[in-house]
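# A look at the structure
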Amino acid sequence: MNKFIAFWRSSIGKKIIMSLSGLFLCTFLIVHVSANLFLFKRDGGETYNEVAHFMSSNLAIRITEVVLFIGIVAHMISGVVVWMKNWLSRPVRYEMYNLKDNTPFSSRRPMLTTSSGLVGFFLVSHLTTFWIPTRFGAEPKPPYQMVSEAFSDPVLSIFYIIAVGFLAFHLKHGFQSGFQTLGLNNKKYKSLIDAFAIIFWLIIPLAFAAMPAYFLWFKS
Ligand code: HEM
């Protein structure tokens, strides 16, 4: 326990927690986008509802969900603490011209900070719209109906499309920063990581953006 506290107290410890939790959240996105692709199946939402029911009733998935929320909280807390520490020490850093701080990561930090805040805001709104009613609502609607009704609202759909744009931005920079913190974004692995990153910052966000667009423009 003492070792963990010492690790957390160190700057690199918090950055490693941020990177590992962020990369773990990327794996969630693969599962989440795959399950939601069934929205496009033309069977009136039957398969989507079955998949959603399986996901919400399977014990292993429910346990993974707890880990997921721990990952989200760890990522957010470590992100906010690292950001605050950097922000508080900013004037000193500008004057001293610290070489270590003059890395691509720090040059990307303001953009990462903005996209982090917006993705965090999106997530809270998303859980309030979909997750809370499904899990805690008195009479939850079938998931397909809930999603299709929500996305027939142009304001919500456009908000989703913009938010997913910020998610793409966050993932593009966060993914590479995560590997950089772990010491893996070096010459040997860089091209592999860059190629793999495309799945996260381009393909997955495009698939997510297609969902509100589909209900707004093609299904109504
Ligand atoms: C744009 C298309 C999306 C759709 C249609 C969608 C749909 C849903 C639905 C229906 C739920 C509730 C599932 C349940 O409780 O069984 C849910 C939960 C959740 N969504 Fe999304 N989602 C989308 C995008 C996203 C994005 C981009 C993120 C992350 C940035 C995200 C993160 C989450 C999380 C963390 C949960 C709670 C955990 C879970 O139930 O798996 N979702 N989503």
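Here's what I pulled together on the structure shown here. (Residues numbered from 1 in each chain as written. Predicted model: local features only at pLDDT ≥ 70, side-chain atom pairs only at ≥ 80, totals over all residues. Heavy atoms only, no water.)

Between its first and last C-alpha atoms helix α9 (residues 187-218) spans 45 Å; for 32 residues at 1.5 Å apiece the expected length is 46 Å, and the two agree. The largest bend along α9 measures about 30° and falls at A197. (Helix = DSSP H or I, 4+ residues; strand = E, 2+ residues; numbered from the N terminus. Expected span 1.5 Å × (residues − 1). Bend = angle between axes of the 7 residues up to and from the residue.)

If you check the shell around the ligand, you find 25 residues, and the closest are H32, H126, W131, R135 and F208. Between the ligand and H32, the relevant distance is 2.9 Å, taken from a nitrogen atom to a side-chain nitrogen or oxygen of the residue. Side-chain polar atom of R135 to an oxygen atom of the ligand: 3.0 Å apart, as the coordinates give it. For the shell around the ligand, the secondary-structure elements that each account for two or more residues are α2 (11-36), α4 (59-88), α6 (104-136), α7 (143-151), α8 (154-181) and α9. (Near = heavy atom within 4 Å. Polar contact = N/O pair within 3.5 Å; in protein donor to acceptor, adjacent residues only side chain to side chain.)

Below, the discussion takes up the coordination of the iron atom of the ligand. Taken together, the protein donors to the iron atom of the ligand comprise H32 (NE2) and H126 (NE2), at separations of 1.9 to 2.0 Å. Note that the iron atom of the ligand binds six donor atoms; their angles at the metal cover 88 to 180°, and the shape is octahedral. One end of the pair, H32, is in helix α2; the other, H126, is in helix α6, with 94 residues separating them in the sequence. The exposure class assigned to H32 is partly exposed, which follows from its relative accessible area of 25%. According to the relative accessible area criterion, H126 is buried, its value standing at 16%. (Donors = N, O, S within 2.8 Å, 3.2 Å for Na, K, Ca; no water. Tetrahedral: all angles 85-135°; square planar, octahedral: opposite > 155°, others 65-115°. Buried < 20%, exposed > 50% of the residue type's maximum accessible area, 1.4 Å probe, protein only.)

Moving on: the pattern of salt bridges. Inspection of every chain in the model, using the stated rule, returns three salt bridges. The closest approach of N and O atoms between E149 and K141, which form a salt bridge, is 2.7 Å. Of the residues examined, E149 reaches a relative accessible area of 36% and is grouped as partly exposed. A salt bridge links K190 to D194, with the shortest nitrogen-to-oxygen separation between them at 2.8 Å. Of the two residues, K190 and D194 are both situated in helix α9; the distance of four residues between them amounts to about one turn of the helix. A relative accessible area of 38% places K190 in the partly exposed class. (Salt bridge = Lys/Arg side-chain N within 4 Å of Asp/Glu carboxyl O.)

It is worth spelling out the nonpolar core at this point. Counting residues in each nonpolar core, the largest one holds 32 residues, and the members touching the most others are L39, F130, V147, F151, F175, F208 and F215. Elements represented by at least two residues in this core include exactly α2, α6, α7, α8 and α9. Looking at this core, the element that brings in the most residues is α9, giving ten residues. Ignoring any residue separated from it by four or fewer positions in sequence, one finds V147 in contact with L39, Y48, F130 and F215. (Core = buried A, V, L, I, M, F, W, Y, C linked by side-chain atoms within 4.5 Å. Contact = heavy atoms within 4.5 Å.)

By themselves, these are just geometric observations and shouldn't be taken as functional.
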